[in-house]
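Chain residues, written in single-letter form:
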Amino acid sequence: MAVVGTPTNTAAKNLAVFIDADNLNDPTALDHVLLALRSLADRITYRRAYGRPESLKSIHAVLWRHGVRPVANLIVDKTTTDSALVIDAVEAVCANDIDIVAICSGDADFVPLAIWLREKGCKVLCYSLANKIFANPDSFYDDVVLLDVVEAQGDATSAAPLPQPPQPPIVRESVVQMPEPSVASPMPAAKAANPPKVAATPVSGPSIKKILSILPELKDKKPLHLSQIAQRLRDGGVLAPKARPILLFRRHPAQFELKPEHQPNTVRYRG
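Only a predicted model underlies this, so the values are computations on that prediction, with no experimental measurement involved.

Calculation rules
- Residues numbered from 1 in each chain as written.
- Predicted model: local features only at pLDDT ≥ 70, side-chain atom pairs only at ≥ 80, totals over all residues.
- Heavy atoms only, no water.
- Salt bridge = Lys/Arg side-chain N within 4 Å of Asp/Glu carboxyl O.
- Helix = DSSP H or I, 4+ residues; strand = E, 2+ residues; numbered from the N terminus.
- Buried < 20%, exposed > 50% of the residue type's maximum accessible area, 1.4 Å probe, protein only.
- Contact = heavy atoms within 4.5 Å.
- Core = buried A, V, L, I, M, F, W, Y, C linked by side-chain atoms within 4.5 Å.

Draft legend 1. Looking closely at the pattern of salt bridges. Throughout the structure, instances matching the rule amount to nine salt bridges. Ionic pairing is found between Arg65 and Asp31, a salt bridge with its closest N-O pair at 2.9 Å. Residue Arg65 is found in helix α3 (residues 60–66), and its partner Asp31 is found in helix α1 (residues 27–37); the two are separated by 34 residues along the sequence. On the basis of relative accessibility, which here comes to 28%, the residue Arg65 falls in the partly exposed class. Between Arg48 and Asp88 there is a salt bridge whose closest N-O contact spans 3.0 Å. Highlighted residues: Arg48 in strand β2 (residues 41–51) and Asp88 in helix α4 (residues 81–95), separated in sequence by 40 residues. Using a relative accessible area of 15% as the deciding quantity, one classes Arg48 as buried. Here the residues in one salt-bridge network are Asp22, Arg52 and Glu54, joined through shared partners.

Listed below in structure tokens is the structure:
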């Protein structure tokens, strides 16, 4: 089953997920993300959510369902969500063999953390509501998955309480111009009454014909180094100025092969 937010197949052993509940506090979207993360590694070592008590309360059923540990803000004038999340993420990576770190927030305050994690060899993913993401997140994360929650149509009385909703939600997902797209399927809902629908739709992109017209040498089916073709793709108008070309080719896995798997630097046209 295809899972939302699954950028590529991975052989990762341990994954840690840290949730900024003050930023990503829609229960349906969060449930969708936590279900998707199960397929990215053999084990999810850390599952924690940080935020104000009212933010954590709005998603408490989802946290309980997925075994996520809530961490409430300290009672001070200034919010402590970001600091607590950053400290725990750094401690987790230093004390454990973590391969992937998922940060569920569109807050730019976590950019220094994302950079540090990548320098430590972790693959860093960002999950955010589409209307809460900062500019140019693809410059700092390995993958960015944006979620749109679409309200369901139907009789509100037909819904059942958690943890057994009557119908699965549909999550609309889009991937920022980054290394790889997220392919998704409908996931079970996390809301108690008339769960919203989430539709999974990848970001539209250029056709294979357009890519080959810019890079005709790909037709020879020989590997090309990504650094040598990135500017040509930008000049051709199919790649954003600060984006990397990996995502462009991973939208068409049947036609393009990227090597090596974890940190690709070449692409080959399969034909």
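From this point, the narrative continues.
Draft legend 2. Expanded view of the side chain of Asp88. Accessibility expressed as a relative area gives 15% for Asp88, which makes it buried. Sequence-distant contacts of Asp88, defined by excluding residues within four places in its chain, comprise Phe18, Arg48 and Tyr50.

Draft legend 3. Representation of the nonpolar core in the model. Counting residues in hydrophobic clusters, the biggest one holds 28 residues, and the most contacted among them are Val17, Ile19, Leu37 and Tyr127. Broken down by secondary-structure element, the contributors of at least two residues to this core are β1 (12–20), α1, β2, α3, β4 (100–104), β5 (123–129) and β6 (143–148). A total of five residues in this core trace back to one element, the largest contributor, which is α1. Dropping the residues within four chain positions of it, Leu37 is found in contact with Leu15, Val17, Ile44, Ala102 and Tyr127. If you look at the next biggest cluster of nonpolar residues, it comprises 24 residues, including Tyr46, Val101, Val111 and Leu113.

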